[in-house]
Each structure stands twice: as structure tokens, then as C-alpha cells.
Amino acid sequence: MASADAGTREKAFGDYYGAAHHQGDVYPCTVASLPFLFALADDPATPDRGAVVHLLLSIGREAVDCGDDIIVAPDGSESTAATDSVAMLRERSGAFLAYAQDPDPGVRRPGIEGLGLFVEDADQALGALRERLPAEDGTVERLLVIHTAATLALRLPAARTTATAWLAALADDPTAEPDIRLAALVHHARCGEDRDDAVPTAIALLRRLATAPERRSDEDGCRSGTGSGACACRNGREGEGETDTRADGETDTEAEAVAQDGVPPQVTAAFEDLDRHGRLHAPTTTLLRTFHTVLDARVPERTALLTEQLSSPDPAIRHDAIRMAQDLITSWRGEHTGLVLLLADCLAPQDPYTAAAAAESLRVLGPAGEAAREALAALVAANRTTHGPNAWAATKTLPRRAHQEAVMALAALGDPRAVPCLLTALDGGTDAWRAVQVAGRLRPGAGELVPRLSRHLADADMSNPWADMGTGALMSALAELGDAAAVPALTDAVTAAIRHDQLRLGASALKALAAFGTEAASALGAVRPLADAADVNLRAAATAALWALERDPADVVPRLCDLLDTHAHHDAADVLGLIGPSAAAALPRLRTMLTAGYEWTRVHAATALWDIVGEVEADVVVRTLLAAWEKNDATSNHVLACLDRMGSAAAPALPRIRAELAQARRSGRFGRVANDEELQRTCRTILARLS
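Some remarks on the nonpolar core
Argument step 1. Leu422, Leu453, Leu643 and Met646 are the most contacted members of the largest nonpolar core, which totals 223 residues.
Argument step 2. Of the residues forming this core, the biggest block, 10 residues, is contributed by helix H27 (residues 536-550).
Argument step 3. Among residues more than four places away in sequence, those in contact with Met646 are Trp610, Ala618, Val621, Val622 and Leu625.

If you want it as C-alpha cells, here you go:
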């Protein structure tokens, strides 16, 4: 780490993180290394002192988060590495007092943050922070000082009164600059000190910030998403000049991803997304995220704050507000049309970087993004005018991504205006996997989409170990579109998957075939032998497909009863429920499943029980479903679907259904907006029927 060679240092830091601080963990060897790290950090000749101090901070932050917990290693041994690390760092707290005054901002930033974690003398730490605030002229450092004061107040009771009084005074000081006042206001609230005018005051300060002369630390020291202050990577307007520019100043060419041989594009895109979602463009972004966390369920106030953020004349503030708006809408129910329309305003063709982010968020919102439908369609049309019919494969990265995200968001709403773009993607091959992700939502375009998706499925290399990643999505899309013209391609896919020992893909293809019911009867020759497969998942999928394609309970019910004794018992119970009264032979085993410790097992058994025998088991079914719902909210969609089928027999569930509709936080499986919206619709349907 002390080498004069930059490459050697980079490798050394990488090796250290991998061996002694892997994924943030702290080990006995980490503790043993601390004196050596301090020696490096204290030596003016060390080339990357800032990186060393940041490493010390990272170790300490993780160790503090562990508290007094004893860490149990995989081999069963116990470790006190976390508490030992904290003790050593606090013994050396004087070093952090020195780092916090270092002329190198890379050393100073982690030094400042360390004051809140490692200095035990509250007066000494607060005194150092008070000295640092007027001495700093960089936004990142100034916000970090305020953040650290709140951290100190929350950690040391002796610091709380003095620290919160200082924060309150800074927040109300008309002579202080708006970034300082906003930070003090937010962190005063973070300390649990509530004030009625917090949000209106924050909005007024944001307006001042958006028009104030820019104050910023040297750009070389910034790191997106690190520390408590955000990196203000760029504050200019997108889309001007000859090249598109990212918000961190890189040109469109520099933003291009380099595809790796043999690596699926989905994997490359996932890493790009991680990088993109970690970027912060305005210095106040982390601060505002903290404020939203503090406000939590106060949705009207958060909406007012986001309205100001999304309306800001500062493009960096607007851009970073997009994800915050997405988080609010996906977490809380309510009237979000105003925020959605502000997201729609971000879909400007001349600013593809921000447009892509807004479109991506609207795609995540699903049905909650309905108010942006026409804006999405307008962006798609504008892109096709500017970049031609093949805008999906535009040469420049930013316009291409903005167009693709808008098309996918439009398709997620089921809008047929997305179909021509998806056809272009499937015909040309550029990022076709993205088109596949949403193609299933466009049933009106099935006649044109199914032949193309079938061709892509036929061309899939089932011998590739990554085949499951993209091919499974093709199968799902064909099943969603519901056009039986896909049956031959899916039948061939079953055969090819089994031939190449891709059993998961084989099961996926069988599930897709089952979606077509008796219209897929021509596939029985490929399906029937797999109902005796040794692999349980494959056997379960084949058995379910046998029922869907042939509807012969005499053949299928015994097979399903056997599957109830395997890990595929949930799927087997669901198919038995579809069969109905003819599956009565399974009732003893289903009743046994009602006593299982796992709530999902009880839910699948109870719904099957209702579908097979009906009213006779109504009381036990409702009790079982309500108990499972109470234990695990993720079961709610499944539970309500059964309650909806039960008609008047679901009356005992009405209090729980009313309580569900009264809650403000979103619910439903996987936390998806679409599942929560469906859940609310089902609740209202049941209430209307039984009221």
C-alpha cells in the first residue's frame, strides 16, 4: 500500500479488501492489521493516505454496526473482532482528530466522519466539528460536518443536548448559507427533534440552493455514493453540444459498456445499473434521502418536498429526485398522480440521461405510472423521428437507453404503441432481451410478436450454461401472449432442454405449455414421458402440463398425491385445486399440510381444500388463510384470490380486509406496485359483494 507504483498500490488495496475486509466483514486479522494501517495513515510519505484513512473508517463503521455481537465464523468459532476493532479505533481517536484537520480533503473527509464514531469525549468531538464548519469551503465537507454532529448526538447521550441545540441554531440562522441550514434542519430531525415547519423550511432552502452560486469541493476528491456527503458530479444541462454527456461529465462514447465474451448482456446491464443507481449528481442528495427516511409515513409532506425537488431549476436536483419519487410511490399508497406527472415532465428528448432515468422509474411503477402514458408515447415518437425507425438501436448510448426505457415503460402499461419498437428490436437483435422482458404485456400485438419470439426461442443455444437467463424470459413472454401459434416452438424447446440436461429450462417450457391448456394438446408426446422424470421439479411441471393439456384426473391425481410428499408440494396442491372435486383422493394429505409450520404450505393446502370440497371446509379454510396472512404479508395476494372465489363464505375475513384497505403502506407479494394494486382491487370487490 505504500508502494510508489500506483498499480501495486491498487492491487494491494484490492487484496486487502478481499482477504481482511471482504464485503465489509471484520476478522481477527483485520484487528491485527489496524496498527499497520494507522502507521501508513500517519506517514506523510504514504501516497494514498486518504484511501488508508477511508479503509480505517470502513472497518470501524462496520464494527460499530455489529455492536457487542459475537461473530460466529463458518467453522463455528466465535470472534470478538468487531468489539476489538472498535476499542482499538477509539483508543486512537486522537488520530482522527488530526485527520479531520488534514489539508488533503481525501484524508479530511473520513477523518471528520470518524469523529462521530470513535471520539468518546463529547465536548472534544463537538469542539472539533464547530471548528471545521467555518474552515471548510466545500459542500461535501460542510454537509459531512453536520451529519457527523448528529451521529455524535445519537451515539453519546452527553453530546445530545449541545449538538441538537447547535443544529437548531444553524437551521434558523438567517446569515448561514442555505446548504448548511438545510443540513442542520434535516439532521436535527434525524435526532428525533420534530418541528412543524421542517418541510416548508426545507422547501424554501431548496429554492435558495437551486439559484445560489455553486460551492463545491475539488472534483478530483469526489466519489459517487461514498461517505455522508454526495458527489456533485455535474450540474450542467443535458443534451447540449455535439455529444451526449452523462451527469458525471463523461461523453456518450465513454459511457459505452464493454461486452465480455460469453457473459450474457443481462449480467453486464445489471452491473451498469448498479453503477448508475449509485451515482449522485447534487450535493444535497444524500441529505434529502435522509430527510425522506426521517419523514417515513408522512406521505403528504414527503410529496410536497418531492414536488419541489422535481420542479427545481437545478437539473442535478431534479435527476436525483426521480429515484426518491419512485421509492415513495412504490412504498406508500395514495394519490400520486401529481408526482407521476412531474416524472413525465422529465421525459425530455433533449435530455436523454434524465429521460432514461424517469422512464426506468415509470416502468417500475407499473400501473401507478398510468398518468405518464401519453408522455412516454410522445418520447417514443420523438425518438423515432429524430433517430429513425431503428431508434431502439441508436448509435449513441444515451438516446438508445432513453428510447428503450420509454418503450419498455409503455409496454408495461400494455400500450400497443410500443409494439413497432419491440418488433424492430426482435428483428434487428440489438438488445432484443430487453424487448422480451415486456413483450408478454402486449397481447394486441401477439400476431406479430409470437413468430419473432418463437424464432428467438428456436435459435437459443440450450447447451450454453447461461441459457436459462434469457430463454426462460422468452418462454414466459410466449405464455403471457396466449397465442397457440407458440406451441410448436415451446414443444421443441422442451425436447432441446432435456437433451442438453437443462432441467430448469425444461420445467419452464412445460409451465409455458400448460398456460395454453388443451390448445397445446399436440405437445403431449413430449410432455407425457417427463411426468415420470427423476427430477422432482421437472416431474411436477410435466404433471401440471398433463392436466392442462389432457384433463384426465384418473392419470394425474395419483401423480399429484405422490408429489405432495416432495418439495414440489405447493405446485401439486395448486393443480389439485384446479382439478376440483375429482381430486378428492388428495384430501387426507392436504388436511395434514394444514398443520405445517410454514405458512405458505398452509395457504396452498387451504386453497386447494376449498377448490376441491367448497363450503364443507369453509371455516377451517378462512381461519387458515387469515392466520397465514397475519404471519406473512407476502401471502396476501394468494389469500385474497381464494377469498374472492369463496363468495359469501369469506364473510369472516371482512374485518381483516377492511384493515388492509385502511393501511397506508403498500402490501402484496414481492413488494411490487402491481401486486398491491391487484390486492386492493380484490379487497374492494369482496367488500362490494358482501356489503
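Having seen the structure, we can now continue with the description.
Comments concerning the packing of helix H6 (residues 105-118) against helix H7 (residues 122-135)
Argument step 1. Direction vectors running N to C along H6 and H7 enclose 145 degrees, while the axes themselves pass 9 Å from each other. Crossing hand, H6 versus H7: left-handed. Listed contacts from H7 to Arg108, Ile112 and Leu115 of H6 are Ala125, Ala128, Leu129 and Arg132.

Overview of the environment of Asn637
Argument step 1. Locating Asn637 in the fold gives a position in helix H33 (residues 636-645).
Argument step 2. Note: C-alpha distance between Asn637 and Gln680 (43 residues apart in sequence) is 9.4 Å.
Argument step 3. If sequence neighbours within four positions are ignored, Asn637 has contacts with Gly668, Arg669, Asn675, Glu678 and Leu679.
Argument step 4. There is a polar contact of 2.9 Å between the side chain of Asn637 and the backbone nitrogen of Arg669.
Argument step 5. Polar side-chain contacts of Asn637 include one of 2.9 Å to the backbone oxygen of Asn675.

So, the side chain of His570
Argument step 1. Assignment of secondary structure puts His570 in helix H29 (residues 569-579).
Argument step 2. On the accessibility criterion, His570 (17% relative accessible area) is buried.
Argument step 3. At 2.8 Å, the side chain of His570 and the side chain of Thr601 are in polar contact.
Argument step 4. Contact partners of His570, with chain neighbours within four places excluded, come to Tyr598, Trp600, Thr601 and His604.

Looking at helix H23 (residues 467-481)
Argument step 1. Taking 1.5 Å per residue as the helical rise, H23 with its 15 residues ought to reach 21 Å, and the 22 Å between its terminal C-alpha atoms agrees with that figure.
Argument step 2. Among the residues of H23, those classed as buried are Ala467, Thr471, Gly472, Leu474, Met475, Ala477, Leu478, Ala479 and Leu481.
Argument step 3. Looking at the buried side of H23, the elements it contacts are helix H21 (432-439), helix H22 (446-459), helix H24 (487-499) and helix H25 (503-514).
Argument step 4. Just past H23, the residue Gly482 takes up positive phi, approximately 70 degrees.

Here we look at helix H20 (residues 419-428)
Argument step 1. All buried positions along H20 are accounted for by Val419, Cys421, Leu422, Leu423, Ala425 and Leu426.
Argument step 2. Against the buried residues of H20 lie helix H18 (373-387), helix H19 (397-412), H21 and H22.
Argument step 3. Within two residues after H20, Gly429 carries a phi angle of roughly 90 degrees, on the positive side.

A short note on the packing of helix H14 (residues 299-310) against helix H15 (residues 315-331)
Argument step 1. Between H14 and H15, whose axes approach to 8 Å, the crossing angle comes to 155 degrees. Relative to H15, H14 is oriented roughly antiparallel. Both H14 and H15 take part in a crossing whose hand is left-handed. Together, Val299, Arg302, Thr303, Leu306, Gln309 and Leu310 of H14 and Ile317, Arg318, Ala321, Ile322, Met324, Ala325 and Leu328 of H15 make up the contact between the two elements.
Argument step 2. Each residue belonging to the contact of H14 with H15 can be placed in one class, and the counts come to 9 nonpolar, 2 polar and 2 charged.

Examining the packing of aromatic side chains
Argument step 1. For the coordinates displayed, the defined rule picks out 3 aromatic pairs.
Argument step 2. With a centroid separation of 5.4 Å and 80 degrees between ring planes, the pair formed by Phe96 and Tyr99 is classed as edge-to-face. Highlighted residues: Phe96 and Tyr99, both in helix H5 (residues 93-99), separated by 3 residues, approximately one helical turn.
Argument step 3. With centroids separated by 4.8 Å and ring planes inclined at 50 degrees, the aromatic side chains of Phe96 and Phe118 adopt a geometry described as tilted. With a gap of 22 residues between them, Phe96 in helix H5 and Phe118 in helix H6 connect regions that are remote in the sequence.

Side note on unusual backbone geometry
Argument step 1. Its identity as a non-glycine residue notwithstanding, Gln23 has a phi of 50 degrees, on the positive side.
Argument step 2. Looking at the element boundaries, Gln23 is found in the loop between helix H1 (6-20) and helix H2 (28-42).
Argument step 3. With a relative accessible area of 71%, Gln23 lands in the exposed category.
Argument step 4. Backbone geometry places Asp431, a non-glycine residue, at a positive phi of 50 degrees.
Argument step 5. Locating Asp431 in the fold gives a position in the loop between H20 and H21.
Argument step 6. Assessed through its relative accessible area of 22%, Asp431 is described here as partly exposed.

Some details on the pattern of salt bridges
Argument step 1. Taken as a whole, this structure holds 46 salt bridges when the rule is applied.
Argument step 2. For Arg589, the salt bridge is made with Asp565, and the minimal N-O distance between the two is 3.4 Å. With Arg589 in helix H30 (residues 587-593) and Asp565 in the loop between helix H28 (553-563) and H29, this residue pair connects regions lying 24 residues apart in the sequence.
Argument step 3. Note that Glu617 and Arg591 form a salt bridge whose closest N and O atoms lie 2.7 Å from each other. Pair noted here: Glu617 is in the loop between helix H31 (599-613) and helix H32 (618-631) and Arg591 is in helix H30, with a separation of 26 residues, a long-range link.
Argument step 4. Judged by its relative accessible area of 12%, Glu617 is buried.

Considering the environment of Leu524
Argument step 1. Among the secondary structure elements, Leu524 is positioned in helix H26 (residues 524-527).
Argument step 2. Through-space distance from the C-alpha of Leu524 to that of Thr491 is 8.9 Å; in sequence the pair is 33 residues apart.
Argument step 3. Apart from the residues lying within four places of it in its own chain, the contact partners of Leu524 are Pro529, Leu546, Leu549 and Glu550.

Conventions adopted
Residues numbered from 1 in each chain as written. Predicted model: local features only at pLDDT ≥ 70, side-chain atom pairs only at ≥ 80, totals over all residues. Heavy atoms only, no water. Core = buried A, V, L, I, M, F, W, Y, C linked by side-chain atoms within 4.5 Å. Buried < 20%, exposed > 50% of the residue type's maximum accessible area, 1.4 Å probe, protein only. Helix = DSSP H or I, 4+ residues; strand = E, 2+ residues; numbered from the N terminus. Contact = heavy atoms within 4.5 Å. Axes fitted to C-alpha atoms, helices over the stretch in contact; angles between N-to-C directions. Left-handed = near helix turned anticlockwise from the far one by under 90°. Polar contact = N/O pair within 3.5 Å; in protein donor to acceptor, adjacent residues only side chain to side chain. Expected span 1.5 Å × (residues − 1). Parallel < 35°, antiparallel > 145°, perpendicular 65-115°, else oblique. Nonpolar A, V, L, I, M, F, W, Y, C, P; charged D, E, K, R; others polar. Phe/Tyr/Trp six-rings, centres within 6.5 Å; stacked < 30°, edge-to-face > 60°. Salt bridge = Lys/Arg side-chain N within 4 Å of Asp/Glu carboxyl O.

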